[in-house]
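Summary of the model geometry
Okay, here's what each chain looks like letter by letter:
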Amino acid sequence: MSSFEWSSGVWPDWCQGCGNFGIFTALRMALAEMGMDRKRVVLVSGIGCSGKIPHFVKATGVHALHGRSIPFATGIKIANPNLKVVVHGGDGDLLGIGMGHFVALGRRNPDILVMIHNNWVYGLTKGQASPTLGRGIRTKALAFPNINDPVNPILIGMASGYTFLARSYAYNAEHLKEVIKAGLSHRGAGAIEIIQPCPTWNNIVNMEWVAQNTQYLSGWDPVVASEDDLLKKMQEVMRLESMDKKQLGIIFENRFKETFEDRLASINGYYKDNPPARQRIEDEGSSLPVSMDKTFGRYMV
Amino acid sequence: MSSFEWSSGVWPDWCQGCGNFGIFTALRMALAEMGMDRKRVVLVSGIGCSGKIPHFVKATGVHALHGRSIPFATGIKIANPNLKVVVHGGDGDLLGIGMGHFVALGRRNPDILVMIHNNWVYGLTKGQASPTLGRGIRTKALAFPNINDPVNPILIGMASGYTFLARSYAYNAEHLKEVIKAGLSHRGAGAIEIIQPCPTWNNIVNMEWVAQNTQYLSGWDPVVASEDDLLKKMQEVMRLESMDKKQLGIIFENRFKETFEDRLASINGYYKDNPPARQRIEDEGSSLPVSMDKTFGRYMV
Amino acid sequence: MDVNVVIGGPQGGGIETAGMLAVRTLVMAGLEVFGDREYHSNIKGKHSYFHIRAADRPVGSIRYPVDVLGALDAETLGTHFHEVKDGGVVVYDSALSSKSLTRIPSLDPIRVERLKEDLLERKIGETVEALSQYLGSRGTQVVPIPFSKLLSEVLKFPNPLIARTMNTSITAALLTLMGVQQEAISKAVGFLFREKEEVAELNLKVVEAVCDFVKSYVKREPVAVRRRTERRLLVAGNDSVAIGKLMGGLRLQTYYPITPAADESFDIEENFELRDSAGNIIGNPVVVQTEDEISAIAMAIGGALAGTRSATSTSGPGFSLMAEGLSWAGNNEVPVVITHYQRGGPSTGLPTRHSQSDLLFTIFAGHGEFARIVLASGDHREAMADAVKSLNYAERYQVPVIHLLDKGVANCVTTTTLEERFEITRGKRFDGVLKEGEVYRRFRFTDDGISPRAFLGEETMWYSGDEHNELGNICEDPLNRNRMYAKRMEKSRRIMEEAPDEDKALLHGPERYDDLILTWGITKGAAVDALESMGRLGRRVAVLQVRMMEPFPGSYISKFLSEAAQVIDVEANYLGQLAELVRLRCGMVVRNRVLKYTGRIVTEDEVASSYERILKGEERIVLWGGE
Amino acid sequence: MDVNVVIGGPQGGGIETAGMLAVRTLVMAGLEVFGDREYHSNIKGKHSYFHIRAADRPVGSIRYPVDVLGALDAETLGTHFHEVKDGGVVVYDSALSSKSLTRIPSLDPIRVERLKEDLLERKIGETVEALSQYLGSRGTQVVPIPFSKLLSEVLKFPNPLIARTMNTSITAALLTLMGVQQEAISKAVGFLFREKEEVAELNLKVVEAVCDFVKSYVKREPVAVRRRTERRLLVAGNDSVAIGKLMGGLRLQTYYPITPAADESFDIEENFELRDSAGNIIGNPVVVQTEDEISAIAMAIGGALAGTRSATSTSGPGFSLMAEGLSWAGNNEVPVVITHYQRGGPSTGLPTRHSQSDLLFTIFAGHGEFARIVLASGDHREAMADAVKSLNYAERYQVPVIHLLDKGVANCVTTTTLEERFEITRGKRFDGVLKEGEVYRRFRFTDDGISPRAFLGEETMWYSGDEHNELGNICEDPLNRNRMYAKRMEKSRRIMEEAPDEDKALLHGPERYDDLILTWGITKGAAVDALESMGRLGRRVAVLQVRMMEPFPGSYISKFLSEAAQVIDVEANYLGQLAELVRLRCGMVVRNRVLKYTGRIVTEDEVASSYERILKGEERIVLWGGE
Ligand SMILES: Cc1ncc(C[n+]2csc(CCOP(=O)(O)OP(=O)(O)O)c2C)c(N)n1
Ligand SMILES: Cc1ncc(C[n+]2csc(CCOP(=O)(O)OP(=O)(O)O)c2C)c(N)n1
Ligand code: SF4
Ligand code: SF4
Ligand SMILES: [Mg+2]
Ligand SMILES: [Mg+2]
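Below is a short write-up of the structure. (Residues numbered from 1 in each chain as written. Chains lettered and ligands numbered in written order. Predicted model: local features only at pLDDT ≥ 70, side-chain atom pairs only at ≥ 80, totals over all residues. Heavy atoms only, no water.)

Met549 of chain C together with Met549 of chain D are the most contacted members of the largest nonpolar core, which totals 197 residues. Not counting residues within four places of it along the chain, the set of residues in contact with Met549 of chain D comprises Leu359, Ile363, Val374, Ala376, Trp520, Leu578 and Leu581 of chain D. Formed by 55 residues, the second largest nonpolar core is a distinct cluster that contains Ala29, Ile162, Ala172 and Val210 of chain D. (Core = buried A, V, L, I, M, F, W, Y, C linked by side-chain atoms within 4.5 Å. Buried < 20%, exposed > 50% of the residue type's maximum accessible area, 1.4 Å probe, protein only. Contact = heavy atoms within 4.5 Å.)

Quick look at the structure:
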């Protein structure tokens, strides 16, 4: 299946030169190369330029609420763990209004991959500072330089318990595709920070800036080798993230943590075979013949 | 002024043996010893057992909304930076529903101190797991062991940009008092995680547990010595936080970051002398005589 | 028989168990029982009480004055003594006798002031002793029992154990004084502590010792035990809803803890192994505690999209936070259920107290316009059935449903009968058939306005909070807009056409009436119970209980209202929100309003006496009974 | 004179500048102008247009068909050609001639289908060329101008520059064709680009070249320039509100970006140096972009508690998220202002389109009951004055105020006169006097129900979302509850008693009328503009514009309604929410409803023709005009 077949045919209405085109391309390539079953792929997105992406992809799309794609996705995944659930959102969406959910996802570690379209601005509302914009920077639409410190999604993600963390670049579709594939293959909560130029509002982050301010990781092993290795790996990630240049590639992967699906199964033995979306709930229009004594005995008189 | 004079006289309705009593005591001691002006002290709290504390203190109290004490406090501080604004909240309040604001506070770094009453449970709603409860732990009211990973407020705080981070213990009022004093003296966003036993719902964290699972920091210098020292200090904090025992004391302090008040002043030259709450806005019942041309010239025709 | 009992003490001091023990005992004695729990937003120490009414006919409310008061502390005596009938019974630990009634730190200063004035006026001293003399002088049977002495001497209990069984002691004593047989008490104790054998044994001993001691004080007729054959459930409203949801096929419940909703989720979690009569597991729900209510509604929506019957359960503050998600569900025709238990507002308000003040908010919550159903239950049996109906309505019409309850229903306990089977209708499903080249259209325009629904994973499809075309893709075209908007909105009309009358409103009492009490929620119980005494005033009175609040059955309701000479609205809020809604939807003005917003439920006698006052010309009556 | 112009092109392609250039030029020519912006929820590429109406009397709406269409792309021609008057003017770049009208990727598939049908029916080919022939055949003056050639030959512009000045070119051309003098255009260009000298110069050259070229095509009378002496403002509603807030003493604005509210916060930020006539700074507001709307309302409340006039500005989704904070503000009697610009719902809906569908939601938003004010402005002048009034009302009654606007007001541009002084009333303040041992009571019971307010820092005090006593400490006492609840609720009555009539509703047109148009918000403009033509049908017609929505001036409104033979409700939603509100509050049924929910504003002619249809017996009319 070619990546072309993953286009829905809806016209992508991003600005010329928008990094979202690169993400769109890389995503389709990854889905095509992995031979995904489109019926099982659910892209859940927030509101923003980034949030429109599911409409353009020929898979199921849930264009949710600003900042709430993660809980929508979590609900879907819990109800039907057989779906491949992917989240797309802007930096404002996921790390501003949605920060509480972003952290909560790490704590749960469901098998959901989050792609952060990081353009440092609120694109669709005309260029306000997003939570990733550096302090002192004044992008096009700002009346004053930004006075908030930026969040680093990798560090917040690590502190929140994400088990897969990576960074890539929207205009390097090949690299991004590989990172997405790795993210989709990982079992657990993953986040990819995608540097996504927004030529319309972000006059700082252009190709030149990226060339000067990023660097592809080489010789870096992101995988936590053993539980004892965890601290060292995390400290190293911290070092990577404090470097002048943004590191591109897979930054952190921890395969030792159970997924939320496994955890649910641990307290609910029927979960795996019988997740909510698969359960029978009626019998020819009637509720199932529950045994009152066995199930509700404590209320009986 | 004795700490007794900082009691409002309202009966604290916490359970016998609740760690909140210790926090209440230490707070009053700190305020008394620092000779604070009670009119200028504003305690802002969330909803929970912890959230009731401002009612018991003879200072101004704003018992806000569940999870929203931080933005209430931020609005107060911005409007009147001459107030000493302190936040009290539960672990559920600040790190669950309020996590987005908790992170945002770090990014802004206003001179606000946040005290996290960490009892690992939702006290006032009868003992559900809070975001700090360890995975696999089953406190009294839980039907099953907890399946979420805990957040570590220190690590999340560090990733969010807090400039003062500490941990103390509710039953060690003397230690806690000193930590609070240090926090109140620090200029910038501070957070103190207070281990707060909840004898009613948390049957795990009792005095014994604390004795076995905590340790007072000694020989640890929390202060970031220079901007270059930052990475190392943060890596060290990570190490401290990955130890089996919880470290008690001041864990991290960074004095190099401008406060939000300073940042506002940097883009708004009149802010310091003339913050919103101090500005004149009328003249004998009329709006001030604004110069239309100078102020609104661009709209004039 | 119609007996009212209050057992009070400090929150966390065993009042909950005491009350449930009394309730269960009385139920086991074959009586109809209704129990109301009143407690502060506090875990331990503040005053809390259980008000129990036992009668030989079904009851859905409480009454004042009470026949029996059992006090675990002095605060209870000071707070409730004025509510005891002359000739009633008051039981307490004789160790309290020297206690002050007013120097009690947990007592609200406002309450202290009022109590002092009251004592002064009645010329009562400030101690328990003084109070008990006063009560005795009014013909009340005051029974201070030396429990400590009794239990230490007879049972050789150490002090802490005596303290821990004080609730059972007091309860056993007051039940005995009411004429209940020891056997019934012991049975109830056995049931309550069925999972803790040792505790059960200790408590049984206490019962024995206490009953033995109290026997001589009994002045009442023994309560005759009625044997009942039908199987019943003894439940709080929270339990009812949990059972209904489970029976109704709910498989995903999300929640963020909040009073008085959280117990329902606890219930579901604990009852999670649904077994058929052969004992086989037939499905098990997942209960997820979320990081906030925004997440709770979002996850429930996610579950619903995936084809799972999904709900979330909350109260006012949480519901406020769900408004945005509700609007998304409305736009996307998502069958999701929000179970909303009202409590005292605004804001945190009176978080553990009753209220019916969110009616209009639930009807208009969420920006923009969309169809929704708001279904309000008036008692425990309805709560259970409506939980099922809500899930059915949601899927049948593909709309969000708000199942509206209140703290009264949530926390009051009573018995209800058991339906073993409920109807389940899942609505129009996509049959999987697509023509060559055809793409599944989630929002296909159809004649009946309902698009066949496929679950996520069955086909590719799109959802969007933006206005969308039939495929679910964003579309700003004005004509598509008009059509899609109308498709969503016209569901309300359809629902109203198809809903059975019993879901719209219920008439209690005579079919032909002079005056009509208009009410809803738990307040219905008081109104129905008051029918008999209201009927004695010479006019025929009936009660109209409205159940479907949105879409509102305007013409159905109007018909009932227009047949009444006087309509009297009774509800637990300030505005008379149901009366306002009636004005909005029926264009009829209900001027007589009996309102209560203290956070305590409306009592039978409050309804009866208000009716009388209305007949005498009063229009707006504000109630305040209950502590 | 009454001319309607549409200039369209791809979003981000300079339409905004083109429109503002045309508007300013026409204003400078002394005309009254009203401009409506229509754009997709998209940054670049989707179709967008500016509809401008210029007349010699004040106007508050637009009309169809239009006199002049200026097209920057083929999509504009295909989309709007049917809206051009026979005999009108169409201007576009001749380079478009060979373009297809239907093979345009940015065009919605639904729109493509409809366009194809339309072209087929009218027997027009699918190219611009074919369309222009068709239009010419209907008497329309079609003017394809070879801009590229012109600018490269005359001005030696390189291609990119030609593209970037295409908007000025088209605008200059169409203004010239309308009979506007070049001088006026050049002046407007000079103003628009006043901060970028080079750009100004380039554009001035373009104007010169284009005007020169187009001159020969002009068939219209020259527009006579009227000199006006009074000072006016040319503003969008967002600007109006920003100016009003600044004049009204706002010093803290919090916001989370959302269309169509965010521009207001930009405005305040940029206008932040308030200077008096001597040029001295007299104060400067702080504008804070928050992490979400929950934080926005919470911070604004915080600011208000500290004594700062504080507001937040949002639209539907954000307002939904503020419901919980609003309820806290209601409980704590906080003077905070929420400026709410309605847009198309539900959910994300039509985020850049007009709507008036949040009326009932704003009135009932937030759990529990509390007093609030909802004040709705109908035009730009009101928007400014009401921003001040909202701040005054909030402090005077210590209630949250929702200043209710819509996308229509927010984004439409027009001129308004200037008030240089507004009344400021800060309400009852604490005088600092306390008796020995007395503690400041923030919620003191007073005769007029308003407690003297101290700001944080002036005294110690308590606030709580829980029910509280006079001190602000948690209190669950039932009698205190009744009193404190009533204290809050009774404010509504007081506000209604004291509000001046002009804040309640405004009657436009004759004082004695046969029929009455009931409306609100931007829709008022269309209704008022339609008065003249409606009057021609032989009946006296007036317009009642309701402004205060909560508390609702029921009796004041009833009086007007009851004097009309027919009342016709006109608004931009599905239900007719104002008509519903009237039913609720006045008990009067307004059956005739003219509704529009496509997201496009109601036009003058839609009101006029709907009125005619209503007279002929139609009851519910759904409008759909505008692309
Ligand atoms: C609750 C809510 N608040 C505000 C908005 C308005 N809004 C739309 S997109 C957006 C932000 C977009 O920024 P980001 O998430 O970074 O996405 P981008 O457009 O940059 O891809 C906002 C605030 C909304 N849709 N919902
Ligand atoms: C929006 C909202 N949701 C839920 C609640 C109910 N609630 C009251 S206290 C509380 C949690 C308390 O836990 P925590 O914050 O840890 O405080 P603690 O009681 O343990 O001190 C909750 C969920 C609420 N008040 N508001
Ligand atoms: S505004 Fe920026 S992010 Fe949005 S579509 Fe345009 S370039 Fe992309
Ligand atoms: S429940 Fe726990 S936290 Fe709350 S008052 Fe009791 S002991 Fe303290
Ligand atoms: Mg962004
Ligand atoms: Mg807690």
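After presenting the structure, the write-up continues.
The next point concerns the packing of aromatic side chains. All names here are of chain A. Applying the stated rule across the entire model yields 41 aromatic pairs over all chains. Look at Phe24 and Phe56: their rings are 6.1 Å apart centre to centre, the planes differ by 75°, and that puts the pair in the edge-to-face class. Note that Phe24 is positioned in helix α1 (residues 19-33) and Phe56 in helix α2 (residues 53-56), a separation of 32 residues in sequence. Comparing Phe24 with Phe56 shows no difference in burial state: the two are buried. (Phe/Tyr/Trp six-rings, centres within 6.5 Å; stacked < 30°, edge-to-face > 60°. Helix = DSSP H or I, 4+ residues; strand = E, 2+ residues; numbered from the N terminus.)

This paragraph deals with helix α1 (residues 15-28) of chain C. Residue and element names in this part refer to chain C. Its 14 residues place the ends of α1 20 Å apart at the C-alpha level, agreeing with the 20 Å of an ideal helix rising 1.5 Å per residue. Here α1 lies mainly inside the structure; 11 of its 14 residues are buried. Where α1 is concerned, the buried positions are Ile15, Ala18, Gly19, Met20, Leu21, Ala22, Val23, Arg24, Thr25, Leu26 and Val27. Of the residues trailing α1, Gly30 is marked for its positive phi of about 90°. (Expected span 1.5 Å × (residues − 1).)

Moving on, we come to the packing of helix α3 (residues 69-79) of chain B against helix α12 (residues 293-305) of chain D. α12 of chain D packs onto α3 of chain B with a crossing angle of 45° between their chain directions and a minimal axis gap of 7 Å. Between α3 of chain B and α12 of chain D, the crossing angle belongs to the class labelled oblique. Crossing of α3 of chain B against α12 of chain D: the hand is right-handed. Residues Pro71, Phe72, Thr74, Gly75, Ile76, Ile78 and Ala79 of chain B of α3 of chain B lie in contact with α12 of chain D, whose contacting residues are Ser295, Ala298, Met299, Ile301, Gly302 and Gly303 of chain D. In the contact of α3 of chain B with α12 of chain D, the residues fall into eight nonpolar, five polar and no charged. (Axes fitted to C-alpha atoms, helices over the stretch in contact; angles between N-to-C directions. Parallel < 35°, antiparallel > 145°, perpendicular 65-115°, else oblique. Left-handed = near helix turned anticlockwise from the far one by under 90°. Nonpolar A, V, L, I, M, F, W, Y, C, P; charged D, E, K, R; others polar.)

The subject of this paragraph is the interface of chain C and chain D. It is common to give the size of an interface as the accessible area lost on bringing the parts into contact. Opposite the 74 residues of chain C that make contact, chain D presents 73 residues. The salt bridge involving Asp477 of chain C is made with Arg114 of chain D; its shortest N-O contact spans 2.7 Å. Connecting chain C to chain D are 48 residue pairs in polar contact (both at pLDDT 80 or more). Only α3 (109-121), α13 (316-321), α14 (323-331), α15 (359-364), α18 (478-489), α23 (577-586) and β24 (620-623) of chain C provide two or more residues apiece to the side of chain C that touches chain D. Broken down by element, the side of chain C that touches chain D gets its largest block of residues, nine residues, from α18 of chain C. Counted by class, the side of chain C that touches chain D contains 30 nonpolar, 25 polar and 19 charged residues. (Salt bridge = Lys/Arg side-chain N within 4 Å of Asp/Glu carboxyl O. Polar contact = N/O pair within 3.5 Å; in protein donor to acceptor, adjacent residues only side chain to side chain.)

That's the geometry; what it means functionally is another story.
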